[in-house]
Amino acid sequence: METGAITQYVDVAQLVLYLFWIFFAGLVYYLVQEGHRDGYPLDPGTGRDTKIDGWPPIPSPKTYLLANGEQVVMPYPLKAPEFLQAQPRHRWIGSPIEPTGNPLLAGVGPGSWTARADHPDVTPHGEPKITPLRANPEHGVAQQDVDPRGLPVVGADGEVAGTVLDLWLDRSEMLFRYIEVRLADSGKDVLLPIPFARIRKDEVEVNAILAHQFADVPGHREAEQVTMLEEEKIAAYYGAGTLYATPLRQEPLV
């Protein structure tokens, strides 16, 4: 019998290999189960209160202590689903849904949003991360770039919606997140995510929505800070405009 062999057919290396397989299978099961900690927020579409667990089952609730002192229980406690401003296009289960009312505020399709925490995202020092330049006098626009403050904001229809009032800075990433627009008709201040804007020398173009649709952009409670939930709704509004701003955008390209 060779060194390390327990019997003529089993040795230590073979046992270690078997133990590794068992460990790896347990690790995969654990990771898949932890990946289900958010639960299964699925609607079976049958009209009945059907519980969908899937496999492996959802793990037992666990409480997490956040840096700001809050406690979050995962999986989240079950609650009634939010009202969806949409209806199925056809009568069979799984048919596509279409928005009802104002499609830019329906929360479906490219305008979907998730219920994030209704408080501002913060820096490692606990301060609001996204604030306007007027609250950060030590920062400014690079000399080689166009400073859009004071420029008109033009919608997809070519009409002027308002004027750029200020830029909102992400102090953790050191980049601009939003353009603050003062609307020409109402004097209301709304935020425009930078990815939806094209800054030119004489104007700021926004192809996502029309000029009059700026009036319904979800607002923010505080003048110099925005919560994560407000950010979700603001970005979703412009995202919905890429499909629902005009009826033509919902038609096939050919």
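Before reading further, recall that the structure is shown in the block above.
So, how was this worked out
Residues numbered from 1 in each chain as written. Predicted model: local features only at pLDDT ≥ 70, side-chain atom pairs only at ≥ 80, totals over all residues. Heavy atoms only, no water. Helix = DSSP H or I, 4+ residues; strand = E, 2+ residues; numbered from the N terminus. Polar contact = N/O pair within 3.5 Å; in protein donor to acceptor, adjacent residues only side chain to side chain. Contact = heavy atoms within 4.5 Å. Pairing = 2+ DSSP bridges. Salt bridge = Lys/Arg side-chain N within 4 Å of Asp/Glu carboxyl O. Phe/Tyr/Trp six-rings, centres within 6.5 Å; stacked < 30°, edge-to-face > 60°. Core = buried A, V, L, I, M, F, W, Y, C linked by side-chain atoms within 4.5 Å. Buried < 20%, exposed > 50% of the residue type's maximum accessible area, 1.4 Å probe, protein only. Expected span 1.5 Å × (residues − 1).

*Asks:* I keep staring at the side chain of Asn136 and nothing clicks. Help me out?
*Replies:* Tracing the chain through its elements places Asn136 in the loop between β5 (130-132) and β6 (152-154). In terms of polar contacts, Asn136 uses its side chain to reach the backbone carbonyl oxygen of Pro132, at 2.7 Å. In this structure the side chain of Asn136 is engaged in a polar contact, spanning 3.5 Å, whose partner is the side chain of Arg171. Discounting chain neighbours no more than four positions away, the residues touching Asn136 are Thr131, Leu169 and Arg171.

*Asks:* So what exactly am I meant to see when it comes to the pairing of strand β8 (residues 175-183) here?
*Replies:* Strand residues, when the strand is regular, have side chains that alternate between the two faces of the sheet. Relative to β8, strand β7 (residues 160-170) runs antiparallel, the two sharing eight bridges. Its bridge partner lying in β8, Val164 is registered against Val181. Turn length for the β7-β8 hairpin, with the two strands adjacent in sequence and antiparallel, is four residues, and the turn residue Met174 shows positive phi of about 55°. The pairing of β8 with strand β9 (residues 189-193) spans five bridges and is antiparallel. Bridging across to β9, Ile179 finds its partner in Leu192.

*Asks:* Teacher, can you tell me more about the pattern of salt bridges here?
*Replies:* A pair can form between side chains of opposite charge whenever their charged atoms are brought close. Applying the stated criterion to the full structure yields 13 salt bridges. Through salt bridges with shared partners, a single ionic network connects Arg134, Asp166, Glu180 and Glu224.

*Asks:* Help me out: how do you make sense of the packing of aromatic side chains in this one?
*Replies:* Aromatic ring pairs: the centre-centre distance and the angle between the two ring planes describe each pair. Across all of its chains, the model carries six aromatic pairs by this definition. Grouping aromatic residues by their ring pairs yields a cluster made of Phe196, Phe214, Tyr237 and Tyr238.

*Asks:* It is not clear to me how the nonpolar core should be interpreted in this structure. Could you clarify?
*Replies:* Ranked by size, the top nonpolar core spans 33 residues in total, and within it Ile179, Leu192, Val204, Ile209, Phe214, Val217 and Tyr238 carry the most contacts. Elements with a minimum of two residues in this core: β7, β8, β9 and α2 (228-244). Of the residues forming this core, the biggest block, five residues, is contributed by α2. Not counting the four nearest positions on each side in its chain, Tyr238 is found in contact with Leu191, Leu192, Pro193, Phe196, Ala208, Ile209, Phe214 and Val217.

*Asks:* Help me out: how do you make sense of the pairing of strand β1 (residues 62-65) in this one?
*Replies:* Direction of pairing for β1 relative to strand β2 (residues 71-74): antiparallel, over a ladder of four bridges. Within β2, the residue paired with Tyr64 across the bridge is Val72. What sits between β1 and β2 in their antiparallel hairpin is a turn of five residues, with Gly69 showing a positive phi close to 95°.

*Asks:* What should I look at first to understand unusual backbone geometry in this one?
*Replies:* Put simply, Met74 and Pro75 share a cis peptide bond, and its omega is 0°. Checked against the element boundaries, Pro75 lands in the loop between β2 and β3 (86-88). You will see that Met174, though not glycine, has its phi angle at about 55°, which is positive. By the element assignment, Met174 lies in the loop between β7 and β8.

*Asks:* How do you make sense of α2 when you look at a structure like this?
*Replies:* Because each turn of an α-helix spans 3.6 residues, side chains separated by three or four positions end up pointing in the same direction. With 17 residues, α2 should reach 24 Å at 1.5 Å per residue; the first-to-last C-alpha distance of 24 Å fits that figure. For α2, every residue scored as buried is listed here: Met228, Leu229, Glu230, Glu231, Ile234, Ala236, Tyr237, Tyr238, Gly239, Ala240, Gly241 and Tyr244. Where α2 is buried, its residues touch β4 (97-99), β5, β8 and β9.

Purely geometric stuff here, so don't read any function into it on its own.
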